[in-house]
Amino acid sequence: MGIEVRKPGLSTTVQDLGREGYYHVGIPPSGALDLFSLIAANLLVGNPERAAGLECAYMGPELVFSDPATLAVTGAEFEARVNGRARPGWTSFDVEAGDVVTFGHLKGGARLYIAVSGGIDVPEKLGSRSTYGLGALGGLHGRPLEAGDELPVGSDAAAPARERSVPGELRPALPRELEIRVIMGLYDHLLTDRGRSTFLETTWKLTPVADRIGFRYKGEKLEMLEREQPFGAGSDPSNIVDAPYPVGSIQVPGGVEPIVLHRDAVSGGGYAMIATVISADMDTVAQSAPGSQTRFLPVDLDEALTARHERNERLQQLRDALA
């Protein structure tokens, strides 16, 4: 069983929930930027949560199926079509051998997730099927899909016997105006008081430079302290002696255009991290489309842990709804 990629879309990659345990040697976790949406798609078609699916940025692919399968489409708001006939999002549906699946224009969000019963069966690399493009690791030949590719599909998962649908209250909103919660630090002390206020009071606009590595925002220039740079750091006030970068950390090279590092980001470098997006809000960042208006809201560690607990509860509600 396989899938022919007739058109790849803009940037379509094979992703699962990521590879853990290698960030310290420079290999990021990769995996779906919007983990909730991929998990939902897998549960809809009867796959394990960690099964590999497709992540598509801004534009959907055109796929031809060689055998019957069950599909689900989640994440960004696209209209899925089977042989030109619309199918609902966040709901499982069947395709037959020879069916062609296409997608309409993006209406909301940024990233679409496609799960097929059995999962995308590319080889595991370091415990994951996820594509890490910069390292040419995982996925299909370590790269985004291209026209003419053939995707293998596993046969070890039974499709559900009935149509499944994610309840509306569990489907994430896709707003154009966002509040993203952050914990300040580790290097926010390099901002002046005015610089810190500017960061938190500015409505930032997401630029088109927003991919699996990082999301770059445009707004005001941040004022940083003038200081004598330590040995080993660069000359810019935003430079530090090299340090590890947490996924979700925010750096501001030169004090302009904050960058939120995401799941394919490098593991360290010489820019100060003034804040870190909490884990519960990383899916929301992933679904930000260029032009989205974003405010960064400071929270403390207890609030971040509460948000993580609430997200885990929402995931359990999803599992219960699709059991």
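Let me sum up the structure you'll find in this document.

Focus: the layout of surface pockets
Space inside the largest pocket adds up to approximately 560 Å³. Forming the boundary of the largest pocket are 26 residues, of which Val247, Ile278, Ser279, Ala280 and Met282 lie nearest the centre. Listed by contribution, the elements that provide at least two residues to the lining of the largest pocket are helix 1 (35-44), strand 12 (177-184), strand 19 (273-277), helix 3 (282-286) and helix 4 (301-322). For the lining of the largest pocket, the leading source of residues is helix 4, giving six residues. Broken down by class, the residue content of the lining of the largest pocket amounts to 15 nonpolar, five polar and six charged. Each pocket or cavity is described by its volume, and for the second largest pocket that value is around 400 Å³. Every residue lining the second largest pocket is counted, 17 residues in all, and those nearest its centre are Pro172, Ala280, Asp283, Thr284 and Arg314. Of all the secondary structure elements, the ones that give two or more residues to the lining of the second largest pocket are strand 12, helix 3 and helix 4.

So, the side chain of Ser130
Here Ser130 shows up in the loop between strand 10 (108-116) and strand 11 (150-152). Using a relative accessible area of 0% as the deciding quantity, one classes Ser130 as buried. Of the polar contacts made by the side chain of Ser130, one reaches the backbone nitrogen of Gly31; its length is 3.4 Å. Excluding residues within four positions of it along the chain, Ser130 makes contact with Val14, Gln15, Asp16, Leu17, Gly18, Arg19, Ser30, Gly31, Leu137, Gly138 and Gly139.

Regarding helix 4
Taking 1.5 Å per residue, 22 residues should reach 32 Å; helix 4 reaches 32 Å between its end C-alpha atoms and fits that length. Those residues of helix 4 lying buried are Ala304, Ala307, Arg311, Leu315, Leu318 and Leu322. Looking straight down helix 4, one finds its buried side chains confined to an arc of 85°; they lie on one side. Exposed residues lying more than 90 degrees from the buried face of helix 4 are Asp302 and Asp320. Those residues of helix 4 that are buried are in contact with helix 1, strand 12 and helix 3. Two or three places before Asp302, at the opening of helix 4, Asp300 has a side-chain oxygen 3.2 Å from that residue's backbone nitrogen.

As for the packing of aromatic side chains
A full pass over the atoms with the stated rule returns three aromatic pairs. Between Phe199 and Phe296, the ring centres sit 5.2 Å apart and the planes meet at 10°, which makes this aromatic pair stacked. Of this pair, Phe199 sits in helix 2 (residues 193-201) while Phe296 sits in strand 20 (residues 293-298); the two residues are 97 residues apart in sequence, bridging distant segments of the chain. The residues Phe199 and Phe296 share a single accessibility class, namely buried. Pairing Tyr217 with Phe296 gives two aromatic rings, centres 5.6 Å apart and planes at 80°, and the pair type is edge-to-face.

Comments concerning the pairing of strand 19
The side chains of a regular strand alternate, residue by residue, between the two faces of the sheet. By the criterion of burial, strand 19 is predominantly enclosed, with five of the five residues buried. With three bridges connecting them, strand 12 and strand 19 associate as antiparallel partners. Looking at strand 19, one finds that Met184 is bridged to Ala275. Here strand 16 (residues 249-251) pairs with strand 19 via three bridges, running antiparallel. Looking at strand 19, one finds that Ser249 is bridged to Thr276.

Focus on the environment of Gly2
Turning to its location among the elements, Gly2 is positioned in strand 1 (residues 2-7). The class of Gly2 is buried, set by a relative accessible area of 12%. In this structure the C-alpha to C-alpha distance between Gly2 and Glu150, which are 148 residues apart in sequence, comes to 6.4 Å. Residue contacts for Gly2: discarding those within four places in its chain leaves Val64, Phe65, Ser66, Asp67, Leu151 and Val153.

Describing the packing of helix 1 against helix 4
Where helix 1 contacts helix 4, the axes come no closer than 10 Å and their chain directions differ by 15°. Regarding the angle of helix 1 to helix 4, the classification is roughly parallel. In this structure, helix 1 crosses over helix 4, and the sense of that crossing is right-handed. Contact with helix 1, carried on its side by Leu35, Phe36, Ile39, Ala40, Leu43 and Leu44, involves Arg311, Arg314, Leu315, Leu318, Arg319 and Leu322 of helix 4 and no other residues of that element. Looking at the contact of helix 1 with helix 4 residue by residue, the classes come out as nine nonpolar, no polar and three charged.

Criteria and cut-off values
Residues numbered from 1 in each chain as written. Predicted model: local features only at pLDDT ≥ 70, side-chain atom pairs only at ≥ 80, totals over all residues. Heavy atoms only, no water. 1 Å grid on protein atoms, 1.4 Å probe; cavity = no way out; pocket = protein on both sides within 12 Å on 5 of 7 lines; lining within 4 Å. Points joined across faces, edges and corners; volume = space filled by probe spheres on them. Helix = DSSP H or I, 4+ residues; strand = E, 2+ residues; numbered from the N terminus. Nonpolar A, V, L, I, M, F, W, Y, C, P; charged D, E, K, R; others polar. Buried < 20%, exposed > 50% of the residue type's maximum accessible area, 1.4 Å probe, protein only. Polar contact = N/O pair within 3.5 Å; in protein donor to acceptor, adjacent residues only side chain to side chain. Contact = heavy atoms within 4.5 Å. Expected span 1.5 Å × (residues − 1). Arc of directions from axis to C-beta. Phe/Tyr/Trp six-rings, centres within 6.5 Å; stacked < 30°, edge-to-face > 60°. Pairing = 2+ DSSP bridges. Axes fitted to C-alpha atoms, helices over the stretch in contact; angles between N-to-C directions. Parallel < 35°, antiparallel > 145°, perpendicular 65-115°, else oblique. Left-handed = near helix turned anticlockwise from the far one by under 90°.

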